[in-house]
Amino acid sequence: MWVRLPAGKITHETVEELSGLLSSGDILIDGGNSFYHDDIAHSDMLKTKGIRYLDVGTSGGIWGLERGYCMMIGGDQAAFEHLDPIFKTLAPGIGTIDKTPGREGRDPRVEQGYLYCGPAGSGHFVKMVHNGIEYGVMQAYAEGFDILKGVNSAAIPENRRYPLNLPDIAEVWRRGSVVASWLLDLTSIALAKDEALSAFTGNVEDSGEGRWTVNAAIEQAVPAEVLSAALYTRFRSRQSHTFAEKILSAMRNEFGGHQEPGKS
């Protein structure tokens, strides 16, 4: 059984209900974005009934339907090995990505786009930190494009104003630049559709994983200034909006279909 529901109460209630329907040896997968503490509790509960549990963090957004999606998997290792053909089918595969030098002898499945991370909760823990990093990368792009846009404002001396073409800048950075990435690809798509991003207010939600990542950093006494600042910016965006926040909102819409509050 593969459960893909929002994190929290609805997932917990579903796991509890399924635990009464499944038999010893069956496998239950949580493929949502659950908090990794919940995975540990669910695994322990199911283990008493002989039910095997896997937590599968996935990344790929709405594009994963066509491309396949990256999977970070925790839980019962024997269950992971048993379901390996399923994960291989769902993963994006090697594609056109160059092989990384020095990886000889390591698990080749990673190059296919899926990874067994370790015991229960580890898959969602890795996905949680992935999303925390995503917040930071998106924030960097958003602030950069805000600066590019602002250089043509009345606050800048006239001889230092540049009417820069943001869609073209995003596009040229995609081609050979060290800051090229899929998130930049999505930014380029959004700007090509509408350079002013007039469909977005800049109200940027957070899905939970960013908060959990910052909490994990606090627990470990790891300084995470960029990830923390990116999370707090999302909080601020619900009060006042800048072009940077429109960029953030546009990226979220492109990769995940995330709508701003009040829009559908």
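In this text the structure is predicted, and so the values were computed from the model without any measurement.

Description of the overall build of the protein chain
Secondary structure summary: the protein chain contains 12 helices and 5 strands in total. Here the protein chain, with 264 residues, has 41% of them falling under the buried criterion. Averaging the locations of the 25 positively and 34 negatively charged side chains of the protein chain gives two centres separated by 3 Å.

Focus: the pairing of strand 4 (residues 70–75)
Counting buried positions along strand 4 yields 5 of 6 residues, so the element is predominantly enclosed. Here strand 3 (residues 52–59) pairs with strand 4 via 6 bridges, running antiparallel. Residue Gly57 lies in a different strand from strand 4, and its bridge partner there is Met72. Two elements, strand 4 and strand 5 (residues 114–118), share 4 bridges in a ladder whose sense is parallel. What sits directly across from Met71, in strand 5, is Tyr114.

Notes on the pattern of salt bridges
Under the criterion given, the structure shown has 14 salt bridges. Linking Glu111 and Arg103 is a salt bridge whose minimum nitrogen-to-oxygen distance equals 3.9 Å. Assessed through its relative accessible area of 23%, Arg103 is described here as partly exposed. The partner of Arg238 in a salt bridge is Glu205, and the shortest N-O contact between them spans 3.8 Å. Of this pair, Arg238 sits in the loop between helix 11 (225–236) and helix 12 (243–256) while Glu205 sits in the loop between helix 9 (182–193) and helix 10 (209–220), and the two are 33 residues apart along the sequence. In this structure Glu205 comes out as partly exposed when scored by relative accessible area, which is 29%. One network of salt bridges, with partners in common, ties together Glu81, Asp84, Asp107 and Arg109.

Some points on the packing of aromatic side chains
Taken as a whole and assessed by the stated rule, the structure comprises 10 aromatic pairs. Arranged with centres 6.4 Å apart and planes meeting at 40°, the rings of Phe87 and Tyr114 form a pair that is tilted. With a gap of 27 residues between them, Phe87 in helix 5 (residues 84–90) and Tyr114 in strand 5 connect regions that are remote in the sequence. Both residues of the pair, Phe87 and Tyr114, count as buried. Aromatic rings pair up to connect Trp2, Phe80, Phe87, Tyr114 and Tyr116 into one cluster. Stacked on the ring of Phe243, the Lys or Arg Lys149 has its end atom at 5.1 Å from the ring centre. Positioned above the aromatic ring of Tyr135 is the side chain of Arg234, whose terminal nitrogen or guanidinium carbon lies 3.7 Å from the ring centre.

Basis of the calculations
- Residues numbered from 1 in each chain as written.
- Predicted model: local features only at pLDDT ≥ 70, side-chain atom pairs only at ≥ 80, totals over all residues.
- Heavy atoms only, no water.
- Helix = DSSP H or I, 4+ residues; strand = E, 2+ residues; numbered from the N terminus.
- Buried < 20%, exposed > 50% of the residue type's maximum accessible area, 1.4 Å probe, protein only.
- Lys, Arg positive; Asp, Glu negative; His and termini not counted.
- Charge placed at Lys NZ, Arg CZ, Asp CG, Glu CD.
- Pairing = 2+ DSSP bridges.
- Salt bridge = Lys/Arg side-chain N within 4 Å of Asp/Glu carboxyl O.
- Phe/Tyr/Trp six-rings, centres within 6.5 Å; stacked < 30°, edge-to-face > 60°.
- Lys NZ or Arg CZ within 6 Å of the ring centre and 35° of its normal.

Any functional reading would require information that these geometric values do not contain.
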